[in-house]
Amino acid sequence: MQVVNLPRCCIRPYASPFAGHNCKPRPHMCIRPIKDNLIIPLKDLQFRVDIKDCLSTVEIVQKYINSNKVTVESEYVFPVDQETTAVTGLTVTIDNKVIEAEVMPKEKAEEKYTDAVAQGDNAFKMSQDEKQPDIIRIALGKLQPNKEVTIVTRYVKLLEIENGSWSFRVPLTYTPRYDPDSSEVVNGMIMCRAKTIPSKYPVPAKGQEFVKGKDVPYKWSFSASVECSKPIAKLGSPSHRIDIEFKDASRKASISLANQREVPDTDLVILYQTQNSDTPSALLQKDPKHDAYAALVSFCPSFNTSSESLAAAGKLPEVDLEGKGEYIFLLDCSGSMQGERIKLAVSALETFLRSLPVDSRFNIICFGNTYRCFRPGSVKYESNTLKDAFDYLKGIRANMGGTKIVNALSSIMNVACDSSYPRTIFLLTDGAVTNTDDVVSLIKKHVHDTRVHTFGIGSGASRYLVKSSAIAGNGSFQFAAEGEDLTPKVIQSLSMATVPACTDARIEWPADISVELQSPANDKMQNVYMNEPFIVLALLKGEVAGKVVKLQYKETITGKKITSEAVFLGHSIEGVDIYQAAVKRAFEKNTDLSNKEIADLSVKFSVLSPLTSFVAVHKTKEKIKGPAKPVKIPIVITKDAYVPPAPAKNSNPYRHSGIWTGAVYKSAVKRYKKGCLGIASTEAVSYTHLRAHETPEHLVCRLLLEKKKKKKK
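Now for a look at the structure at hand.

Calculation notes
Residues numbered from 1 in each chain as written. Predicted model: local features only at pLDDT ≥ 70, side-chain atom pairs only at ≥ 80, totals over all residues. Heavy atoms only, no water. Helix = DSSP H or I, 4+ residues; strand = E, 2+ residues; numbered from the N terminus. Buried < 20%, exposed > 50% of the residue type's maximum accessible area, 1.4 Å probe, protein only. Contact = heavy atoms within 4.5 Å. Areas by Shrake-Rupley, 256 points an atom, 1.4 Å probe, with all protein chains shown as cover. 1 Å grid on protein atoms, 1.4 Å probe; cavity = no way out; pocket = protein on both sides within 12 Å on 5 of 7 lines; lining within 4 Å. Points joined across faces, edges and corners; volume = space filled by probe spheres on them. Nonpolar A, V, L, I, M, F, W, Y, C, P; charged D, E, K, R; others polar. Phe/Tyr/Trp six-rings, centres within 6.5 Å; stacked < 30°, edge-to-face > 60°. Salt bridge = Lys/Arg side-chain N within 4 Å of Asp/Glu carboxyl O. Axes fitted to C-alpha atoms, helices over the stretch in contact; angles between N-to-C directions. Parallel < 35°, antiparallel > 145°, perpendicular 65-115°, else oblique. Pairing = 2+ DSSP bridges. Disulfide = S-S within 2.5 Å. Core = buried A, V, L, I, M, F, W, Y, C linked by side-chain atoms within 4.5 Å.

1. Re the overall build of the protein
And then number 1: The helix and strand inventory of the protein stands at 13 helices and 39 strands.
And then number 2: Taken across its 713 residues, the protein has 58% of its residues classed as buried.
And then number 3: In the protein, the share of contacts with a sequence separation of at least 24, taken over all contacts with a separation of at least 6, comes to 74%.
And then number 4: With the model as given, the accessible surface of the protein reaches about 30,400 Å², and the carbon-plus-sulfur share is 49%.

Given below as structure tokens:
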């Protein structure tokens, strides 16, 4: 799919993939299949969710029908929450046959997929993106005309805590990401580097495009079931209107969308609370294929400190809080933050500044392609500096180009830290970058003297960057979507920054139990915070049922050592999802695992990793001849993601940052001539001719034309 700036007479909607669908064209933008007007094969997308306590299983059901007269190949791209999600399976149904995809080393899977396509068979492959591990790609090999296929993707996801509730989140949208180092195609996007364009915005590469949720060319639906070991006290969704039906004395519930025509333009979030949610719990799972038990242990440490009661009251003290330190706010002012996101970030920053502890120092650093500071160095937190800071915030705009987080972070961390004022960084960003690993590596390098807390801005903020940066910086993370009350999240974030709940956490298993795998391992434990459940996953050998597991930790304020206990249930539950969640978490947390160990665990427990892929092949009776036409499924862009406006009348399009690529050169020229000039021929049209006839209403992408002209030279 491609985005083309074309005359209005050329604009038309997608070919309707199902009855009643009416996709209205937008001015200055034509969303159209690649050449030959091929129809998108994806017709229906369903999300089926099963939540049990703090673990969920998700099925994404995709139904494809090739309505074209030619064989096509396609690719479906979707985001996941990398830290908490284990992709565990791919099932293909075609010609009344059900095929389970096999997980294998990436190189072997690629070879098997390529060979199958070359031999004229149907082939399917699922892999993790090499540059951004929170992106999953499903490739469909040759699909004949009128052929139907159903693909079911499965993943297991650990729930998180958000404002005191268990939070389940399905990423439905994607925020275009900036690559600070390359102009190559990244994740289906080209990074413009033309000097005449002040900001580098990602744009669709050949055969790929972004669409708003209201323009998706397929149906979608969502349903969920919730089952808890304790009665459900509260259940709801801050993102979508849902219908809820409670069962079994409020221990179970069924969820569906209240509006079946809901637009998928923001992540879907479900929040729930149970009675006595702070009680430790321990679950066991036993699968006949494995000789070890899978264990999920959840603790919620309680603290009798003044800061806990203050946090529960929803406010921070101004004098008693032991939060003396240096607080540096790193604010993303790149182009992707335009619109509601920068307003949300500034609002959060204002709340942060009003809530800082006394006898502190602070500074504000805005970054994009470059960075600029509120003051050359951190200043004392007092009334006059606070007033100046608020005046400074009034002039902040998202006009600093690309998102170069590393440069801004380095400018802070290269300055020696004053030991009497422990340094804490609050990073406020949408995380729309591709070099997350570079950011995380820099934070890890300086974690001994600088803690990093993160605040994800916007409904499509990169959870991978926001969470990974906070974990690497021994800090906490929060996410804020448009329309949310930010005060509770800012208060909680500051509470965690000033008073870490406990340190030196470790798990003690029964003496006669052998631990094959534990995640996080005792030597990899992070700080535990107030009101934050602490989850440990493990593979255990021995008789575990009915035995006691302990969590030991030390309060940072009193220095008191505390032990919490949880008793395993007398029976084990069915399934393999705890096994798979434990293995996936080990990939992320246990950094001492070798590549071979990761690959072996991935194959043994059927969990996708950076080193493996799922692949399935359907041997056709009649081999498919000839090459297939590529048709990529459009990526749904987050509703609050910034889309540059169309150029004003009589303006030079080069002076506007935006999406400047689209159709192949010949196709664009042909449509331009036929639609605007009344010419139906296909002979070449000169660059000068196009420039002479171009008007604001009749735009053709100059960027591709210039590139073609340069290549000829």
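2. A word on the layout of surface pockets
And then number 1: By volume, the second largest pocket amounts to about 630 Å³.
And then number 2: In terms of lining, the second largest pocket is formed by 32 residues, of which the most central are K52, Q285, I573, E574 and D577.
And then number 3: Elements represented by at least two residues in the lining of the second largest pocket include exactly β3 (42-52), β4 (55-65), β6 (85-94), β8 (102-105), β11 (148-158), β23 (281-285) and α9 (577-589).
And then number 4: Looking at side-chain class alone, the lining of the second largest pocket contains 14 nonpolar, 9 polar and 9 charged residues.

3. With respect to the packing of aromatic side chains
And then number 1: Applying the stated criterion to the full structure yields 13 aromatic pairs.
And then number 2: Pairing F329 with F426 gives two aromatic rings, centres 5.4 Å apart and planes at 20°, and the pair type is stacked. Remark: F426 occurs in strand β29 (residues 423-429) and F329 occurs in strand β25 (residues 326-332); sequence separation between them is 97 residues. Comparing F329 with F426, the two get one shared label, buried.
And then number 3: Measuring from ring centre to ring centre gives 6.5 Å for W509 and F568, while their planes differ by 15°; the resulting arrangement is stacked. Note that W509 is positioned in the loop between β32 (502-508) and β33 (514-519) and F568 in the loop between β36 (561-567) and α9, a separation of 59 residues in sequence.

4. Things to note about the pattern of salt bridges
And then number 1: With the rule as written, the count across this model stands at 25 salt bridges.
And then number 2: The closest approach of N and O atoms between R137 and E75, which form a salt bridge, is 3.0 Å. With R137 in strand β10 (residues 135-143) and E75 in strand β5 (residues 72-79), the pair connects residues that are 62 residues apart, well separated along the chain. Residue R137 shares its accessibility class with E75, and that shared class is buried.
And then number 3: Measuring nitrogen to oxygen at the nearest pair gives 2.4 Å for the salt bridge that ties K547 to D512. Residue K547 is located in the loop between β34 (534-541) and β35 (548-555), and its partner D512 is located in the loop between β32 and β33; the two are separated by 35 residues in the primary sequence.
And then number 4: By relative accessible area, K547 is classed as partly exposed at 23%.

5. Examining the packing of helix α3 (residues 340-355) against helix α4 (residues 383-394)
And then number 1: Between α3 and α4, the least distance of the axes is 11 Å, while the angle of their chain directions is 180°. Between α3 and α4, the crossing angle belongs to the class labelled roughly antiparallel. The residues of α4 that touch α3, namely those facing V346, L349, E350, L353 and R354, are L386, A389, F390 and L393.
And then number 2: Looking at the contact of α3 with α4 residue by residue, the class counts come to 7 nonpolar, no polar and 2 charged.

6. Brief notes about the environment of F222
And then number 1: Inspection of the secondary structure puts F222 in strand β18 (residues 219-227).
And then number 2: Here the alpha-carbon distance between F222 and L45, two residues 177 residues apart in the chain, equals 8.8 Å.
And then number 3: Residue contacts for F222: discarding those within four places in its chain leaves F47, V49, V170, I255, S256, L257, L268 and I270.

7. Digging into the sheet that holds strand β37 (residues 612-618)
And then number 1: The 6 strands lie next to each other as β8-β37-β9-β10-β5-β38, forming an open sheet whose pairing is mixed. Across the chains shown, the open sheet's two edge strands, defined by having one partner strand only, are β8 and β38 (629-632). The sheet shows a mean angle of 20° between the axes of neighbouring strands, direction not considered.
And then number 2: As paired strands, β5 and β10 are joined by 7 bridges and run antiparallel to one another. The partner of Y76 across the bridge, within β10, is I138.
And then number 3: Across the face of the sheet, helix α1 (residues 106-118) comes into contact with β8, β9 (122-128), β10 and β37 while running at roughly 115° to β8.

8. Digging into the state of the cysteines
And then number 1: Evaluated as defined, the whole model comprises 0 disulfides.
And then number 2: For C366, which is in no disulfide, the shortest distance to another cysteine sulfur is to C333 and amounts to 3.9 Å.
And then number 3: The class of C366 is buried, set by a relative accessible area of 0%.

9. Comments concerning the nonpolar core
In summary, soluble globular proteins display a tendency toward joint burial of nonpolar side chains.
And then number 1: Core analysis: the largest hydrophobic core is formed by 84 residues, its most contacted members being Y64, V149, I151 and F222.
And then number 2: If you tally residues by element for this core, the top one is α9, at 7 residues.
And then number 3: Grouped together as the second largest cluster of nonpolar side chains are 36 residues, C333, F374, V379 and V490 included.

10. A word on the side chain of H618
And then number 1: Of note, H618 is situated in strand β37.
And then number 2: Judged by its relative accessible area of 4%, H618 is buried.

11. Thoughts on unusual backbone geometry
And then number 1: With an omega of -5°, the peptide bond running from S519 to P520 counts as cis.
And then number 2: If you trace the backbone, P520 turns up in the loop between β33 and β34.
And then number 3: Non-glycine residue N96 carries a positive phi angle of around 65°.
And then number 4: Looking at the secondary structure, you find N96 in the loop between β6 and β7 (97-100).
And then number 5: For N96, a relative accessible area of 81% gives the class exposed.

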